[in-house]
Amino acid sequence: WIELTTSDRKQDPQHHKTKVKKVLKHSISPMAFEERKDGAAEDGEGDLMVTARRDRRLSRASVKFFQVETSMRNLSIGSASDGGLVDSEGKVRDEYILQRQSVNRPTKLKKIPLLCDLTTSSQITHVDGWVFAMLLVSGFAKMSSKTNELNTINVFPIADGDTGANMKVCLKLPVRNLLLKPNDNIMTVSRELAADVLLNGQGNSGTILSHFFVELAEAVREVNKSDMSVDEFTSCLIKAGVAMDSSVPNPVQGTLISVSRDALLGLEKQRPFATLDVLLKAMHKSCQIELAKTPDQLIVDGVKVLEKAGVVDSGAQGFAYLAEGMYLASIGELPNVEPRLFHTATLTTSDDSPPISVDHTVCDSKYRYCTEAVVMLKEGVTPNVVFDSVQKAASQEGIGDSSVFVKGFDMVKIHMHTNDPDQLFDILQPFNRDPILKKEKVEDMLDMRESMHGDETLDLAESKFTIMGLCSYVLPKITYDLDELHTLPIFGVPSTTQEPIDMRFVSDEDVCVILNQQRHKDTAVRYTTAAPNPMQLKIEILAALTKGKPLLVFLFSADKRISATGRNTMVAIDMLEDEQKKLVKVFVHGWTFYEQPFLTEAIKFAEGGKSIDEAIEACKEIGDHCFSFSNFVTSSSVRKLMAWRPGIFPEGFTVEDNSFIAFGLPVTTRDVVMPLAERVGKLMTVQNKAMSMVDLQDAEIARVKDNLKPDEKLSKVIVQTIGRIDIGHKFLQKMKDANVPMMDDVELSVCNAGIFAAVVSAWGEMAAVYVVKKV
C-alpha cells in the first residue's frame, strides 16, 4: 500500500491518483520507506513523500516512475550552491563538516528511503545519484553484517582485529548521509561521498577503501553527466580500480588493493553492459574469483601468510561483500535494511558468520600505533609534496611503515604504523592551513591484538558476587571482558540534537569522530550528561540479579545534591522486593569518575572466590587511605568544567590562557579518613602548572616521586587518555625511567576514556590514578 502526496498544493491530486494505480501493478522492494520532508517543501516547492505501512505487503514501483515523478518536483538538493560539503571550487566547507560527521544525526531516518528499486535492475540502463546511493546502501548493509568475521580473519599487516570495524566506520556516516540528503545527480552524490569517506575512513583497510571512492568520484566527474549509462559507470569503476595502486608506495598482491583493481579490470573484457543487473552479477563474480587468489598471492618474507593462517585477505573480503550486497539487492535476496544500521550507541550483535579457526601469529609489526591524520592543505601546497615528505621520513628515518595516501579536494589523508605518532604529526603540521590538523587518530595495535586474540579473559563464573559500576566507561577493554560486568547507564546529550546517547554502547570509532570534532571551534558540540531514571536503573539491577548472586554497586556519591545517578540508583534499589534488596550492597567511594582502582580490586576478589564483604573492605581501604591521582588538563577544559560544575572549584579560582594544569592529591597514604562529603572538594586541588603537556608530566612525575615516603610504593597506576593513547604509554615509561618506586607486581594499564571525554575533556589530555601501599 503506497500513499503519494505533494507539498505543492498547486499540483493536480488526480494526476497522482492515476500514477498510483499504475504503480500498484508492480511490487516494491521490501525496504521500508521514510516519510521525507526537506527544505524544498518549506519553500513551497513540490516535494514527493512516500510512506509505507508495515501491516500490508509492499508493492513494487519501477525505478523510472520514481526518477521521472520526483525529478518533476525539483528534488535535486545538496548541490554546491546550497551549502553542501564541497563548494563550487572543490574545497571542503569547514562549517558543514559537523553536520556531515555527526554521529547522532539519524533522527529523521525512521525508515530507509527507497530512492530506487534495485530489484528492477534488469530495466535500469542509467545510473544517477539515487541508483548510486542505493547501491552503496545495499553493499554497506552486507559488509556491515560481516564486521565480526572481517575482524576475525584480519592477519595482515598485523592481527589487530579491526578490519571490519574500520571498513564499517569508513562508510557508516557517508552512506547514511546519502539517505539523509539524497540527490539525483551522481556527480554531486559521488563527490560528497568522497569527501565524507576521506574524513571518516580509518585504519589500513578503511583508508584504502576511502581512496577507492575518492578515485571513483574523480572518474564520475570526468564523465560530466548528472546520470550516465551503465557502461559509462562501469568505465568509472574500472578507472577507480586501476588507481588503487597509487594509494600506497609499494602495492602488495593479495590485498584489498590488488583484488579491487583486478576484479574491476576483469569487467573490461565483458563490456558493454546495457543494464545494471548484468554489471552487478559480473562484478560479484569477478570479486569472488580474485578474492580466492589472495592466499596464494600474499607473501611476507617468503611465507604465504594467508594460506598459513587459513583465511583470505580481510580487506579484500570486505570489498567483495560490498559487491555481493549490491548483487543480492538486485535479485531480491538482501535482507531488510534497517535504520539501526546507521545508529550510534546501539548494542552490537554478532553476525551470521560461522566460527572461524585462524592462526593470528603469522604476521607481526615492529611498530605499535596505527596513526592517521587529515591535512587541510595550505594554498600552493600540493598533495605530492606532503606524500613525499612522509615517505622520505618512513624510508630514510624509519619512523614507520604501512603508509597509505589519499588525496581529494583540498585535503590529504595519511595512514602509517609508527612508534611515535608525534613524529608524523610534526611532519604534516607545516602543510596544514590551520593551527591543528583536521583529524588525528592513534590506536594501540598491540593492545588491540591482545584484546582480540589474547589468552587472558575475565572469568567470573565461579565468583560469589556480581559487579556494577562505571565499568565500560573506565576499564581497559583489553584487560576485562565487559560482558561479565554490568555498567550503569549514563547518557550524553549533544546540543545539536538534544537526543540522549547511551554511553555504554558508543564505539571507539564514534568516540574518535566526536573527539576530533571537539578539537575545532567550527565543529565543536556542547555535550552534557543525563542520569538514568530509577526505572531504567531498576531494570539493570534486576538483570544483574538474574545470575543469582549478591550485587556490589559502585557509586561515587549517593547524595542527591552531587550525583543524580547515585540518587536514582538508591531509589531504584528501594523499589526492589525485600528479598532482592538483601542481595544488593552499595559501596560509595567519593572520588567521582576515578573508579578504576575500586573496580579492579573488586574484580580481583571476585575472581579469587572472595566474598562481597571482603571486596568492600579492600575497596574501602583504597578509598580511605591509598587512593591518589593526577589529572592533566588544558585551560580550555578547565573553563568548560567550571561552566558545567562550578561548585567543585574553590571560590575565586582562575586559570591562565593556553596553560596546562595538574589537579590531584598528595601521592601518599592517609592516616586520617577523609569524609565522603569532603572528597569532591579536593578534586580541583592544583598541584602543578606548565605551558606544555610534556613539562607538566615531568613536574607531576617529580611530585609523585617526592610525595612517596621511603616505606611506600605504587601498587597500581591506571592511565586514561583522551584520544592519544600513546601519550599514556610515554608517561608510564617516563615514570620507569625516573625510578618512581613501584611494587614488583605493580599493575600498569593505559586505555582511552571513551565518550565521557567529550563532556569536559580535550584531545591529548590524560589522568593517572595511583594506589599507594606501604612496604
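Structural data are supplied above this passage.
Treat the numbers as computed from the prediction; the structure is a model and nothing was measured.

Student: Please explain the overall build of the protein as it appears in this structure.
Tutor: A tally of regular secondary structure across the protein gives 29 helices and 23 strands. Here the protein holds 775 residues, and 59% of them are scored as buried. Pairs at least 24 apart in sequence give 79% of the contacts found in the protein among residues at least 6 apart. Only carbon and sulfur atoms are counted for the fraction: they give 50% of the accessible area of the protein, which is about 31400 Å².

Student: Help me understand the sheet that holds strand S7 (residues 369–376), please; the structure alone is not making it clear to me.
Tutor: Hydrogen bonds along the backbone pair up the strands of a sheet, which may run parallel or antiparallel. One open sheet accounts for four strands, arranged S8-S9-S7-S10; its pairing is antiparallel. Since the sheet does not close on itself, it has two edges, and those belong to strand S8 (400–408) and strand S10 (439–444), each with one partner. Sheet twist, expressed as the average angle between the axes of neighbouring strands with direction ignored, equals 10 degrees. As defined by bridge partners, S8 adjoins strand S9 (residues 411–418) across seven bridges and the pair is classed as antiparallel. Along S9, the bridge assignment pairs Phe-405 with Ile-414.

Student: Which parts of the structure should I look at to understand the packing of helix H20 (residues 534–545) against helix H21 (residues 564–574)?
Tutor: Helix packing geometry: the angle between the two helix axes and the distance between the axes. Running from amino to carboxyl end, H20 crosses H21 at an angle of 65 degrees, the nearest separation of the two axes being 8 Å. Of the two elements, H20 crosses H21, and the hand of that crossing is right-handed. Taken together, the residues of H21 that come into contact with H20 (itself represented by Pro-534, Leu-537, Lys-538 and Ile-541) are Thr-565, Asn-568, Thr-569, Val-571, Ala-572 and Ile-573. Looking at the contact of H20 with H21 residue by residue, the class counts come to six nonpolar, three polar and one charged.

Student: Looking at this structure, how should I read unusual backbone geometry?
Tutor: Glycine aside, residues mostly have negative phi angles, and peptide bonds mostly take the trans form. Here the amide bond leading from Arg-271 into Pro-272 is cis, since omega sits at 5 degrees, within 30 degrees of zero. Relative to the assigned elements, Pro-272 resides in the loop between helix H11 (256–265) and helix H12 (276–297). A positive phi is found at Ser-402, a non-glycine position, where the angle reads about 55 degrees. Structurally, the position occupied by Ser-402 is in strand S8. Ser-402 sits in the partly exposed class, given a relative accessible area of 22%. A positive phi angle, close to 55 degrees, is found at Asn-658, a residue other than glycine. Take Asn-658: it is sitting in the loop between helix H25 (635–644) and strand S19 (660–664). Owing to a relative accessible area of 62%, Asn-658 belongs among the exposed residues under this scheme.

Student: Help me understand the packing of aromatic side chains, please; the structure alone is not making it clear to me.
Tutor: Geometrically, a pair of aromatic rings is defined through the distance of the ring centres and the angle of the planes. The full count for this structure, using the stated rule, is 13 aromatic pairs. Ring centres 5.8 Å apart and planes at 80 degrees place the aromatic pair Phe-554 and Phe-587 in the edge-to-face group. Note that Phe-554 is positioned in strand S16 (residues 551–555) and Phe-587 in strand S17 (residues 584–588), a separation of 33 residues in sequence. In this structure, Phe-554 and Phe-587 share a single accessibility class: buried. Ring geometry for Tyr-594 against Phe-627: centres 6.3 Å apart, planes inclined by 45 degrees, an arrangement best described as tilted. Taken together, the residues span a long stretch of sequence, with Tyr-594 in the loop between S17 and helix H23 (596–607) and Phe-627 in strand S18 (residues 627–634) at a distance of 33 residues. Chaining the aromatic ring pairs together yields one cluster made of Phe-554, Phe-587, Trp-591, Tyr-594, Phe-598, Phe-627 and Phe-629.

Student: Would you explain a nonpolar patch on the surface in this entry?
Tutor: On the surface, Met-535, Ile-539, Val-571 and Met-575 cluster together into a nonpolar patch covering about 330 Å² of accessible area. Looking at the element boundaries, Ile-539 is found in helix H20.

Student: I keep staring at helix H24 (residues 612–626) and nothing clicks. Help me out?
Tutor: Since the α-helix advances by 3.6 residues per turn, residues separated by three or four positions end up pointing in the same direction. Taking 1.5 Å as the rise per residue, H24 with 15 residues should run 21 Å; its terminal C-alpha atoms sit 20 Å apart, in good agreement. Here H24 has its buried residues at Ile-612, Ala-615, Ile-616, Ala-618, Cys-619, Ile-622, Gly-623, Asp-624, His-625 and Cys-626. As for H24, its buried residues are in contact with S16, S17, H23, S18, helix H26 (676–682) and strand S23 (766–774).

Student: Please clarify how the pattern of salt bridges should be interpreted in this entry.
Tutor: The tally for this structure, following the rule as stated, stands at 37 salt bridges. Salt-bridge contacts for Asp-262 lead to Arg-261; the nearest nitrogen and oxygen are separated by 2.8 Å. Here Asp-574 makes a salt bridge to Lys-581, at a shortest N to O gap of 3.5 Å. The class of Asp-574 is exposed, set by a relative accessible area of 54%. For Lys-581, a relative accessible area of 27% corresponds to the partly exposed category.

Student: Just checking my understanding: could you explain the nonpolar core for this structure?
Tutor: Buried together is how nonpolar side chains tend to be arranged in soluble globular proteins. Core analysis: the largest hydrophobic core is formed by 89 residues, its most contacted members being Leu-171, Phe-213 and Leu-276. Among all residues touching Leu-171, those that are not within four sequence positions of it are Phe-140, Met-143, Arg-176, Val-197, Leu-209, Phe-213 and Leu-322. Listed in part, the 64 residues of the second largest apolar core include Leu-485, Val-680, Leu-683 and Val-759.

Student: Even after reading the chapter, I still don't get the side chain of Thr-466, so can you show me in this structure?
Tutor: Position of Thr-466 among the secondary structure elements: in strand S11 (residues 466–469). The residues touching Thr-466, leaving out its near neighbours within four places in the chain, are His-486, Ala-544, Lys-547, Lys-549, Pro-550, Leu-551 and Leu-552.

Student: When you look at the sheet that holds strand S12 (residues 486–487) in this model, what are you seeing that I'm missing?
Tutor: What the four strands build is an open sheet, ordered S12-S11-S16-S17; its pairing is parallel. With partners counted over all chains shown, the strands left at the sheet margins are S12 and S17, one partner each. Relative to S12, S11 runs parallel, the two sharing two bridges. In the sheet register, Met-468 faces S12, and the bridge partner there is His-486. Contacting S16 and S17, H21 runs over the sheet at an angle of about 155 degrees to S16.

Student: Explanation requested: helix H8 (residues 186–200) in the structure shown.
Tutor: Given a rise of 1.5 Å per residue, 15 residues ought to cover 21 Å, and the 21 Å separating the end C-alpha atoms of H8 matches this to within 8%. In terms of burial, H8 is largely enclosed, as 13 of its 15 residues are buried. By the N-cap criterion, in which a side-chain oxygen at the helix start approaches the backbone nitrogen of a residue two or three places on, H8 is capped by Asn-185, the distance to Met-187 being 2.8 Å.

Student: Would you explain the environment of Ala-282 in this entry?
Tutor: By the secondary structure assignment, Ala-282 is in helix H12. Residue classification places Ala-282 among the buried residues on the basis of a relative accessible area of 9%. Ala-282 sits 12 residues away from Gln-270 along the chain, and the two C-alpha atoms are 8.2 Å apart. Sequence-distant contacts of Ala-282, that is, excluding residues within four places in its chain, are made with Leu-267, Gln-270 and Phe-273.

Student: For this particular structure, what's the right way to read the environment of Arg-526?
Tutor: Structurally, Arg-526 is set in the loop between helix H19 (508–518) and strand S15 (527–530). For the pair Arg-526 and Ala-758, spaced 232 residues apart in the sequence, the C-alpha separation amounts to 8.3 Å.

Student: Is there a simple way to think about the side chain of Asp-313 in this case?
Tutor: As for its placement among the helices and strands, Asp-313 is situated in the loop between helix H13 (305–309) and helix H14 (314–330). Salt bridges are absent for the buried Asp-313, whose nearest opposite-charge side chain, Arg-261, sits at 12 Å. A polar side-chain atom of Asp-313 sits 3.2 Å from the main-chain amide nitrogen of Gly-315. With near-sequence residues (within four places) excluded, Asp-313 lies in contact with Gly-254, Thr-255, Leu-256, Leu-291, Thr-294, Leu-298 and Leu-306.

Student: Even after reading the chapter, I still don't get the environment of Gln-288, so can you show me in this structure?
Tutor: Note that Gln-288 resides in helix H12. For Gln-288 and Tyr-321, which are 33 residues apart along the polypeptide, the C-alpha to C-alpha distance reads 9.3 Å. With residues near it in sequence (within four places) discarded, Gln-288 still touches Ala-320 and Glu-324.

What counts and how
Residues numbered from 1 in each chain as written. Predicted model: local features only at pLDDT ≥ 70, side-chain atom pairs only at ≥ 80, totals over all residues. Heavy atoms only, no water. Helix = DSSP H or I, 4+ residues; strand = E, 2+ residues; numbered from the N terminus. Buried < 20%, exposed > 50% of the residue type's maximum accessible area, 1.4 Å probe, protein only. Contact = heavy atoms within 4.5 Å. Areas by Shrake-Rupley, 256 points an atom, 1.4 Å probe, with all protein chains shown as cover. Pairing = 2+ DSSP bridges. Axes fitted to C-alpha atoms, helices over the stretch in contact; angles between N-to-C directions. Left-handed = near helix turned anticlockwise from the far one by under 90°. Nonpolar A, V, L, I, M, F, W, Y, C, P; charged D, E, K, R; others polar. Phe/Tyr/Trp six-rings, centres within 6.5 Å; stacked < 30°, edge-to-face > 60°. Patch = residues over 30% accessible without salt bridge, like charges linked within 9 Å, V, L, I, M, F, W, Y side chains within 5 Å. Salt bridge = Lys/Arg side-chain N within 4 Å of Asp/Glu carboxyl O. Expected span 1.5 Å × (residues − 1). Core = buried A, V, L, I, M, F, W, Y, C linked by side-chain atoms within 4.5 Å. Polar contact = N/O pair within 3.5 Å; in protein donor to acceptor, adjacent residues only side chain to side chain. Lys, Arg positive; Asp, Glu negative; His and termini not counted.

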